[in-house]
Amino acid sequence: MDLSTLCLVHSILEERGIRRAASAAGRPASSASAALRRVEAVLSVPLVRRDGQALVPTLDAEGRLPRFAEIARAAAALTALGDASRAPPAISLAALARFVTAARAGSINAAAKTLGLGQPQLTRQLSHLEEAVGCKLLARSAAGISCTPAGLEALGLAERIGVAWDALSAAAAERFRRSAATWRLGTVIPFGHESEIAATLARLAVEWRAVRPRQPLFLSSTTADELVSGLKNRRFDLILLDTDHYPAEFEGSLIGRSQLALAAPRTLGEAGPQDLAALLCRHPIAVPSPRSGLRQMTDRFLEATLSPAERARLTLVEVDSIPVIINLVLDHGHLSVLPEHSVANISPPPTLLPLDPAYQQSLSLVWPRDALSRQAAETMMRLLGKTSS
């Protein structure tokens, strides 16, 4: 199946006539008729019926018309990357899928292995696609391939076309399983709307929209375990972790650090200087998941401050919800190790006992080891004022 055929059938359904559609496209009526028969055969449903001298879309066609329209719009945008005056070229959906695979792999060799093709064959097909579109889509170097600015737009359009075609044909092709336009960023759960992380994410969402208006950014907050799992199964494209340690299969860069403090009920602030060891032994301590960076720092602090016998007598309350932890501190007499700046923004804040500068919360951006993910990560780091390490 190719874009020219699908756009021609869309025109037939819109114009309600083969001759009118063929004339508008500058094609013979026989070509339009053949295109209609081909698409009907692939979809296994009739798309038009005769009503006197006119062709009327069937109910099946009416239901599928938005998908045809989506393909036609994306095909026009793809054509406009090279020469907007041309009609959509006869680019096959298979060629677009192979381009998507290569762009995401960041390597023609790796993509060829995934597709079961020879590297020279895939290279020729990608060159033919660039000729058909009318512009360069991939930049080649010794390190592999990466998308040009036009290539990034073409990638989004190719995946939009694939999603629409899968919906039309009820195919479950994995290569088009996700919406092309949207990048999914999984993040640690912010401490609240006042926190540094919440402010950082809000700023990132606004600035991302400004630089990539055609590629929306979807933000989803969850636990550290879910973030790593989601990155492995590609539910997320990138993740923001509260640690500088992550699986070796990924790449990452440190975004920032926050000084930690021991948060305590407000009433303790009226009691003057406190002995931290004695305080820890008297109060229950609310802690997040063992896999979180904050918990790792909490454990380090407890090990350095208390003896093994004292640690054995501690009351640890494990809660994978920072808002719940903060409520345990404010209203139920618990202690917790939390980022000083974020908790200080609560009004009124809990009592904060500063810890040694060695105890800090790290924030790292992590992504899969492929060229496209790295491009997205570099965009995010530029917006955040960081550079990759």
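Residues numbered from 1 in each chain as written. Predicted model: local features only at pLDDT ≥ 70, side-chain atom pairs only at ≥ 80, totals over all residues. Heavy atoms only, no water.

1. Some thoughts on the environment of Thr351
Next, step 1: The topology assignment puts Thr351 in strand β12 (residues 351-354).
Next, step 2: Judged by its relative accessible area of 12%, Thr351 is buried.
Next, step 3: Separated by 83 residues in sequence, Thr351 and Leu268 have C-alpha atoms that sit 6.6 Å apart.
Next, step 4: Within polar-contact distance, the side chain of Thr351 engages the backbone oxygen of Pro265 at 3.0 Å. (Helix = DSSP H or I, 4+ residues; strand = E, 2+ residues; numbered from the N terminus. Buried < 20%, exposed > 50% of the residue type's maximum accessible area, 1.4 Å probe, protein only. Polar contact = N/O pair within 3.5 Å; in protein donor to acceptor, adjacent residues only side chain to side chain.)

2. Here we look at the confidence of the model for the protein
Next, step 1: For the protein, the average pLDDT comes to 84, and 93% of its residues sit at 70 or higher.
Next, step 2: Least confident of the elements in the protein is strand β1 (residues 48-51), whose mean pLDDT is 76; most confident is strand β9 (residues 285-287), at 94.
Next, step 3: Of the regions scoring below 50 in pLDDT, residues 171-180 engages in 26 contacts with residues more than four places distant in sequence or in other chains. (pLDDT = per-residue confidence, 0-100. Contact = heavy atoms within 4.5 Å.)

3. Let's talk about the nonpolar core
Next, step 1: Formed by 88 residues in total, the largest nonpolar core has its most connected members in Leu3, Leu47, Phe68, Leu96, Phe99, Leu238 and Leu365.
Next, step 2: Of the residues forming this core, the biggest block, 9 residues, is contributed by helix α8 (residues 149-169).
Next, step 3: Those residues within four positions of Leu365 in sequence are excluded, and the remaining contacts are Leu185, Leu238, Ile239, Leu240, Glu251, Gly252, Ser253, Ile255, Ala377, Met380 and Met381.
Next, step 4: Among the nonpolar cores identified, the runner-up in size contains 33 residues, and Phe301, Leu314, Ile325 and Leu335 belong to it. (Core = buried A, V, L, I, M, F, W, Y, C linked by side-chain atoms within 4.5 Å.)

4. Focus: the packing of aromatic side chains
Next, step 1: The full count for this structure, using the stated rule, is 1 aromatic pair.
Next, step 2: Ring centres of Phe301 and Tyr359 lie 5.7 Å apart, and the angle between their planes is 80 degrees; this geometry places the pair in the edge-to-face category. Here Phe301, found in helix α12 (residues 293-305), pairs with Tyr359, found in the loop between β12 and β13 (360-368); they are 58 residues apart in sequence, far enough to count as distant.
Next, step 3: Stacked on the ring of Trp183, the Lys or Arg Arg104 has its end atom at 5.7 Å from the ring centre. (Phe/Tyr/Trp six-rings, centres within 6.5 Å; stacked < 30°, edge-to-face > 60°. Lys NZ or Arg CZ within 6 Å of the ring centre and 35° of its normal.)

5. Points about the environment of Ala112
Next, step 1: Note on placement: Ala112 falls in helix α6 (residues 108-115).
Next, step 2: Classification of Ala112 by relative accessible area gives buried; the value is 2%.
Next, step 3: Once you skip the residues sitting within four places of it in the chain, Ala112 turns out to touch Leu117, Gly118, Gln119 and Leu122.

6. Brief notes about helix α9 (residues 196-211)
Next, step 1: Between its first and last C-alpha atoms α9 spans 22 Å; for 16 residues at 1.5 Å apiece the expected length is 22 Å, and the two agree.
Next, step 2: Looking at α9, one finds that the buried residues are Ile197, Ala198, Thr200, Leu201, Leu204 and Trp208. Buried residues of α9, seen end-on, are gathered within an arc of 160 degrees and therefore sit on one face of the element. Counted as exposed and oriented over 90 degrees from the buried face of α9: Arg209 and Ala210. (Expected span 1.5 Å × (residues − 1). Arc of directions from axis to C-beta.)

7. Observations concerning the pattern of salt bridges
When their charged atoms lie close together, side chains carrying opposite charge are able to pair.
Next, step 1: Following the criterion strictly, the structure yields 11 salt bridges and no others.
Next, step 2: For the salt bridge of Glu159 with Arg104, the shortest nitrogen-to-oxygen distance reads 3.0 Å. With a gap of 55 residues between them, Glu159 in helix α8 and Arg104 in helix α5 (residues 93-105) connect regions that are remote in the sequence. No difference in accessibility class separates Glu159 from Arg104, as the two residues are buried.
Next, step 3: With a closest N to O distance of 3.2 Å, Asp299 and Arg295 form a salt bridge. Of this pair, Asp299 and Arg295 are both found in helix α12, 4 residues apart, which corresponds to roughly one turn of the helix.
Next, step 4: Three or more residues joined by partner-sharing salt bridges are found here, namely Glu70, Arg73 and Arg160. (Salt bridge = Lys/Arg side-chain N within 4 Å of Asp/Glu carboxyl O.)

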